[in-house]
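Spelled out, the chains give:
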Amino acid sequence: MPIQLKRKGEFIRVHIEGGLNIYCASEAKEQLLQALAKGQDLEVDLSDLDELDTAGVQLMLMLKQEAQRCNKSCAFINHGPAVREVIDLLNLASALGDPVVIPA
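A brief structural summary. (Residues numbered from 1 in each chain as written. Predicted model: local features only at pLDDT ≥ 70, side-chain atom pairs only at ≥ 80, totals over all residues. Heavy atoms only, no water.)

**Thoughts on the pairing of strand β2 (residues 11–20)**
Stage number 1. For strand β1 (residues 3–8) and β2, the ladder comprises six bridges, and the chain directions are antiparallel. Bridge pairing in β2 places Lys8 opposite Phe11.
Stage number 2. The antiparallel pairing of β1 with β2 creates a hairpin that spans two residues between the two strands, and Gly9 there sits at a positive phi of about 65°.
Stage number 3. Pairing geometry for β2 and strand β3 (residues 41–52), over nine bridges, is parallel. When the bridges of β3 are listed, Ile12 appears paired with Leu42.
Stage number 4. In this view, the connection linking β2 to its parallel neighbour β3 by way of helix α1 (residues 25–38) has right-handed handedness. (Pairing = 2+ DSSP bridges. Helix = DSSP H or I, 4+ residues; strand = E, 2+ residues; numbered from the N terminus. Right-handed = clockwise from strand over helix to strand, strands pointing away.)

**Overview of the sheet that holds β1**
Stage number 1. What the four strands build is an open sheet, ordered β1-β2-β3-β4; its pairing is mixed. The sheet is open, and its two borders are formed by β1 and β4 (73–77), each paired with just one other strand. Direction aside, neighbouring strands of the sheet carry axes that sit 20° apart on average.
Stage number 2. Packed on one face of the sheet, helix α2 (residues 54–69) meets β2, β3 and β4 and runs near 145° to β4. (Axes fitted to C-alpha atoms, helices over the stretch in contact; angles between N-to-C directions. Contact = heavy atoms within 4.5 Å.)

What follows is the structure, given as structure tokens:
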């Protein structure tokens, strides 16, 4: 679960690879909250996320809520197949509020 950050002013792009699951949830939570604290606008690229379980979903929802609480923005982008499958299964598209683009 390598997490990479790119910062451009108040904009932070986070790129997560591998899995976002119960085994890495604690470490990921700390890194994602630190990323949110560093900028005003956070964008999380999920294109290389190949596993997402309910712990990962809880992290995504927590990050959205924390961003709202701090009057910041948080968007999840480039939802890969593993992420789209879980979002569809749990009917979370509206809860996350980000457009899920399905490749042609």
